[in-house]
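# Report on the structure
Single-letter residue listing:
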Amino acid sequence: MSLFLPAPIDRELVDVAIDSDDLPWIDNGQGFSFKPLHFWSATGTWANLVRLEPGGQIRRHVHAGGQVFAYVLEGSWHYLEHDWVAKPGSWVWEPPGDVHTLEVLGDVPMVTLFVVSGVVQYLDDDDQVVQQDDFRGRRAKYLEHCREHGLQPLALMT
Ligand SMILES: [Fe+2]
C-alpha cells in the first residue's frame, strides 16, 4: 500500500498549537468582544471566539459572500429572526446572505467559536449598511490592540 501525499508540500508551513489564554479579548464595539484565533488570507476567513454579556445583542447583519460556522462553548443565544436556540455544544451554520440579529439568552455570558468568511455588513432599520467587518479589519484591530498594550502579536495568519 502506498501513502498518498498531496503535492506540492510547502515545507515552510508547520502545524501549530496556540493557547487561547495567550490571546487578548478585543473590544469590537456593539458590546461584544472577540479573541482572534486564525486569519486565512486566501479565503478571507477568520476564526475567533466571541463573547457577549447577558442581554447583549449583535445588531442585525448580513453575511455577504461567505458562510459562517459556529460552536457554542458557554451560554445560550438565538437570532431574533429564527426559532432555534444555540446552547453549549450546539453547532450552527449560517448560509451566505442570511440576515439576523444575535441576542444572548439567560444570565451568563455567551462564548462561541465563530468561523466567518466574507464580509459581515451591519444594517440599520432601512437595510442600509452602517458598518462592516472582514478578516482584514479584524486582523487590523488585533494588531492595533497588541501595539496599544505592548503585546507581541502571534502569527495567526496563513
Ligand atoms: Fe451572523
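Report on the accompanying structure. Here the structure is a predicted model, which is why all the values come from computation and not from measurement.

## Quick word on the overall build of the protein
On a plain count of helices and strands, the protein comes out with 1 helix and 12 strands. Secondary structure elements in the protein, listed N-terminal to C-terminal, are β-β-β-β-β-β-β-β-β-β-β-β-α. C-alpha extents for the protein along the principal axes are approximately 55 × 45 × 30 Å. For the protein, restricting intrachain contacts to residue pairs at least 6 apart in sequence, the fraction spanning at least 24 positions comes to 63%.

## Regarding helix α1 (residues 135-149)
Here α1 spans 21 Å end to end across 15 residues, near enough to the 21 Å set by a 1.5 Å rise per residue. A positive backbone phi angle near 65° is found at G150, which sits one or two residues after α1.

## Remarks on the pairing of strand β10 (residues 110-117)
Side chains of β10 alternate between two faces, with M110, T112, F114 and V116 buried and V111, L113, V115 and S117 left unburied. Alignment of strand β3 (residues 45-52) against β10, held across 8 bridges, turns out to be antiparallel. Residue pairing for β10: T45 is matched across the bridge by S117. Examined bridge by bridge, strand β5 (residues 68-74) and β10 share 6 bridges and lie antiparallel to one another. The residue of β10 that forms the bridge with A70 is F114.

## So, the nonpolar core
If you look at the biggest cluster of nonpolar residues, it comprises 17 residues, and the most contacted ones within it are F32, V50, L52 and W77. If you list the elements that add at least two residues to this core, you get β2 (32-40), β3, β9 (99-105) and β10. Beyond its immediate sequence surroundings of up to four residues, L52 is in contact with G31, F32, I58, V104, P109 and M110.

## Overview of the sheet that holds strand β1 (residues 26-27)
The 6 strands lie next to each other as β1-β2-β3-β10-β5-β8, forming an open sheet whose pairing is antiparallel. Both outer strands of the open sheet, β1 and β8 (91-94), are each paired with one neighbouring strand and no more.

The rules behind the values
- Residues numbered from 1 in each chain as written.
- Predicted model: local features only at pLDDT ≥ 70, side-chain atom pairs only at ≥ 80, totals over all residues.
- Helix = DSSP H or I, 4+ residues; strand = E, 2+ residues; numbered from the N terminus.
- Contact = placed C-beta atoms within 7 Å.
- Expected span 1.5 Å × (residues − 1).
- Buried ≥ 20, exposed ≤ 12 C-beta atoms within 10 Å, placed from the backbone.
- Pairing = 2+ DSSP bridges.
- Core = buried A, V, L, I, M, F, W, Y, C linked by C-beta atoms within 7 Å.

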